[in-house]
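Remarks on the overall topology
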Amino acid sequence: MSEGRSSGVNIRIIEEKLSSIRELSEAGRHDTALRMLRSIDVRQSTSPICRSEYYYYFARCDYFRGDYARALSRVRAALRYARTCSSHEVYARYKLLAGAIRHALGQLDEAIEDYLDSYASSKRAGSYKSLCGVFINIGLVHMLKGELSKASDCYTKALALSISHNTGYEQSVCRLNLSRCLWLQGRHKECLDLLDEVEQMGDHSGLALRVDQIRGIVQAYVCSFRSAHVLLHRLLKFATSERSSRDVAVCLEYLGLNEYFAGNYKKAKEYYQQVLDMPEPTASAVAQTLRMLTDVHIAEGHWDLARATAAKADTAINKISERIELGALWRAYGHIHAHDGNRDEARSFFTKSIELLRQLGARYELALSHFDAGRAKVFSEAESDEHLRITRALFVEMEVPKRVAQVDAVIAEREDAHHFDHKPASKQRLTLKTPSAPTIIAASGSMKRILALADKVKDSDLTILITGETGTGKDLLAEYIHKTSNRAARPLRVVNSAAMPESLLEAELFGVTKGTYSGATTDRPGLIELTDGGTFVFDEIGEVPPAIQAKLLRLLDSKVVRRLGGSEDRRIDVRFLALTNRDLGQMVREGSFRSDLYHRLCQMPIHLPPLRERPEDIVPLAIMLLARCGIAIDREAIAAALRDPLEAYSWPGNARELIAMITRVAALLDGNGNSDVFELLRQQLGAPDAEGSERRRLFEALRRHDGNKSKVAEELGIPRTTLNSQLKKYNL
């Protein structure tokens, strides 16, 4: 056989083997592909294309097995051979792998350069599959940096491309990565729903492993510790058998986190150490594991180890700019400084952690930072209460009941320790203090439902109409919605629609253009325009004149404002709330309020019941108000001594009347303990009125018999018809 024919045969054999290797690699069977690659003597081929493919698949197998340094060397060799002979599509694929390898090594700037080169070559080749890969991988860099909205945008673009060109694998990968963004944002249910969609599309090249990984991680975050352990441990065995070091590291990391969340610190450290002992873990795995290990040392009280590990984590995290991990590390530094007695430094780190995590939208980590700040004893009492309240709201919204129970336990412990310790009242603290976001008492079922609804809709752009009698706390609920929402850092503006004449109201709301009327010497933005990004509250919306109602309707529909006398529309990003103590439905029927504006305001109606209809809230509210006035009092004592008169009173002024009463008691108090407080409150309440006593008697009977009217009527010795009329009279 001639040398030329022999060379041709060798090239053909190598090409056939490379074709098999391609199929094996793309099916995720990297070990088998690697064995075949080692059987090839690429020197027998003079074809640059064969040599480039040989090094490319060698690099791909090394990458998936976690040998990143060797993978980078081989992909460079593949690119050298590909530059002169390969198509744009092939070159794009090779550059994409080079970027992924650099990404794993923590060389993010270089990775982005490779991804952009891949993008340019993909565009030239018209390769939509490669373009999908570029968007997906750039999304991964954004996700690593904590830029979750940018990551989601990349995955959404890739998903649109993959759907339009019917590429099933890429569709699954896009949905998988979108689910990661949702998990990092604490949107666990949406994450699991998206994983179900991936599963329904079929198993594409081992994605089932990634799907179950994320499921296991979510189980750990919602505190289903046993389920998370079983799932992640099974996946760890599979990843180990497949020698997929990336997946091994992920399983070990989150097995450790699951044990840490469950309080099994020794086991958590064992898993974390296994990650750090791996031959070549990714830069991200090292950074995250060191930060998690810091948390374990803090939990165990090993402060020297915590400081040393935090310093290593700091270096690793800053090397790759992994900002969610940086926010979590700052939380750990807050604990370390609090232990060392550096209160100012501790507060600074907790605050930085909260601000960064809020900015990134990493709500679970944000909740943990608020929780730890609330427990750290470096903030004022009001600030700590605020941190705990925000923590609770976040965990309620993310539907993590075990975490909510943990927060409730801490809140109850703080109340017992700080508010009811029988110390004499301080005469220096006689004014009510309102924290930065209001605490709303919700002992009654109706208020619990209202707060749960408020927590669900606070981040939406729905217009919320809050109705209720004067003094029920409509303004407080509006403030609560704003200050617990994703707009909390932006302005909150409240305008009382009844407090301004019509001529002034329009100019104040919408702004004016220079020369519109005498005195308008400059262009002036209105209050709505100045609220851009925040929340605008129309108080007393029922008092808005008809002429301005039309303008409000246009504003709510279009989200644009036009200044008085101007012609330019300005788009705004404002969420609107409206408050009223009037029956807008009746006003619509009477023709004094526009029906279209009413329905636009009523996208999400919330009705606050009067205090007399939620007696379970009265005593807890009184106790909280006394505590805010600096009056330390025994909770059980006040409940026993004053529950009946407090609940029997009809409270025509609602919570506002109770606040005024407590403030008077605080001002009159001589500081001689509980008995004085009780006596002053009794004097303020006066003798229970007949209607209040009757209503109280009916309420207690209903409570005893779980609402069974027949049994209530029998106990009270009255006909069922009389009972029904009394229940209607007292709105029970």
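Residues numbered from 1 in each chain as written. Predicted model: local features only at pLDDT ≥ 70, side-chain atom pairs only at ≥ 80, totals over all residues. Heavy atoms only, no water.

1. What about the pairing of strand β5 (residues 535-539)?
Where burial is concerned, most of β5 is hidden: five out of the five residues are buried. Of the two faces of β5, the one carrying Thr535, Val537 and Asp539 and the one carrying Phe536 and Phe538 are both buried. Where strand β2 (residues 492-496) lies against β5, five bridges are found, and the strand directions are parallel. Bridging from a neighbouring strand, Val494 pairs with Val537 of β5. (Buried < 20%, exposed > 50% of the residue type's maximum accessible area, 1.4 Å probe, protein only. Helix = DSSP H or I, 4+ residues; strand = E, 2+ residues; numbered from the N terminus. Pairing = 2+ DSSP bridges.)

2. Regarding the packing of helix α15 (residues 283-300) against helix α16 (residues 303-320)
Axis separation between α15 and α16 bottoms out at 8 Å; the angle between their running directions is 155°. Comparing the axis directions of α15 and α16 gives the class roughly antiparallel. As for the relative orientation of α15 and α16, their crossing is left-handed in sense. Of the residues in α16, those touching α15 at Ala283, Ser284, Val286, Ala287, Leu290, Arg291, Leu293, Thr294, His297 and Ile298 are Trp303, Leu305, Ala306, Thr309, Ala310, Lys312, Ala313, Ala316, Ile317 and Ile320. The residue inventory of the contact of α15 with α16, partitioned by class, reads 14 nonpolar, four polar and two charged. (Axes fitted to C-alpha atoms, helices over the stretch in contact; angles between N-to-C directions. Parallel < 35°, antiparallel > 145°, perpendicular 65-115°, else oblique. Left-handed = near helix turned anticlockwise from the far one by under 90°. Contact = heavy atoms within 4.5 Å. Nonpolar A, V, L, I, M, F, W, Y, C, P; charged D, E, K, R; others polar.)

3. Considering the side chain of Arg487
Mapped onto the secondary structure, Arg487 falls in the loop between α23 (474-483) and β2. Assessed through its relative accessible area of 7%, Arg487 is described here as buried. In terms of polar contacts, Arg487 uses its side chain to reach the backbone carbonyl oxygen of Gly533, at 3.2 Å. Excluding residues within four positions of it along the chain, Arg487 makes contact with Asp461, His482, Gly533, Gly534, Thr535, Asp573, Val574 and Arg575. (Polar contact = N/O pair within 3.5 Å; in protein donor to acceptor, adjacent residues only side chain to side chain.)

4. Regarding the pattern of salt bridges
Tallied over the entire structure, the rule returns 43 salt bridges. Between Arg487 and Asp573 there is a salt bridge, with its nearest N and O atoms 2.8 Å apart. Of this pair, Arg487 sits in the loop between α23 and β2 while Asp573 sits in the loop between β7 (569-571) and β8 (575-580); the two residues are 86 residues apart in sequence, bridging distant segments of the chain. A residue is classified by how much of its surface remains accessible, and Asp573, at 43% relative accessible area, is partly exposed. (Salt bridge = Lys/Arg side-chain N within 4 Å of Asp/Glu carboxyl O.)

5. Quick look at the packing of helix α3 (residues 48-64) against helix α5 (residues 88-104)
Contact pair α3 / α5: the axes reach a minimum separation of 11 Å and the direction vectors enclose 30°. Relative to α5, the element α3 is oriented roughly parallel. The two elements α3 and α5 cross, and the hand of that crossing is left-handed. Residue-level contacts link Ser52, Glu53, Tyr56, Tyr57, Ala59, Arg60 and Tyr63 of α3 to Arg93, Tyr94, Leu97, Ala100, Ile101 and Ala104 of α5. Among the residues forming the contact of α3 with α5, the class breakdown is nine nonpolar, one polar and three charged.

6. Quick notes on the nonpolar core
Counting residues in each nonpolar core, the largest one holds 99 residues, and the members touching the most others are Tyr221, Tyr254, Tyr364 and Phe395. Contact partners of Tyr364, with chain neighbours within four places excluded, come to His188, Tyr221, Cys223, Phe261, Phe395, Met398, Val400 and Arg403. In terms of nonpolar packing, the next biggest core, distinct from the first, is built from 39 residues, Cys50, Phe58, Cys61 and Ala82 among them. (Core = buried A, V, L, I, M, F, W, Y, C linked by side-chain atoms within 4.5 Å.)

7. With respect to the side chain of Gln549
Relative to the helices and strands, Gln549 resides in helix α26 (residues 546-558). For Gln549, a relative accessible area of 1% translates into the label buried. Looking at Gln549, its side chain comes within polar contact range of the main-chain oxygen of Val544, at 2.9 Å. Excluding its chain neighbours within four sequence positions, the residues that come into contact with Gln549 are Val544, Ser592, Phe593, Arg594 and Leu597.

8. Thoughts on the packing of aromatic side chains
Within the structure shown, the criterion is met by 21 aromatic pairs. Ring geometry for Trp183 versus Tyr254: centroids 5.8 Å apart, planes at 75°, classification edge-to-face. On the criterion of sequence distance, the pair formed by Trp183 in helix α9 (residues 168-184) and Tyr254 in helix α13 (residues 245-262) is long-range, its members being 71 residues apart. Taking relative accessible area as the criterion, Trp183 reaches 8% and is therefore assigned buried. Given a relative accessible area of 6%, Tyr254 falls into the buried group. Seen in terms of ring centroids, Phe261 and Tyr364 are 6.2 Å apart; in terms of plane orientation they differ by 40°. Their pairing is tilted. One end of the pair, Phe261, is in helix α13; the other, Tyr364, is in helix α19 (residues 363-375), with 103 residues separating them in the sequence. (Phe/Tyr/Trp six-rings, centres within 6.5 Å; stacked < 30°, edge-to-face > 60°.)

9. Quick look at the sheet that holds β5
Read from one edge to the other, the open sheet built from five strands follows the order β2-β5-β8-β1-β9, with strand pairing classed as parallel. Two strands lie at the open edges of the sheet, namely β2 and β9 (604-608), each paired on one side alone. For this sheet, the mean inter-axis angle between neighbouring strands, taken without regard to orientation, is 20°. Relative to β8, strand β1 (residues 464-468) is paired through four bridges, and the arrangement is parallel. What sits directly across from Leu465, in β8, is Ala578. Each of β1, β8 and β9 is contacted by helix α22 (residues 445-457), which is oriented at about 150° to β9, the strand it contacts most.

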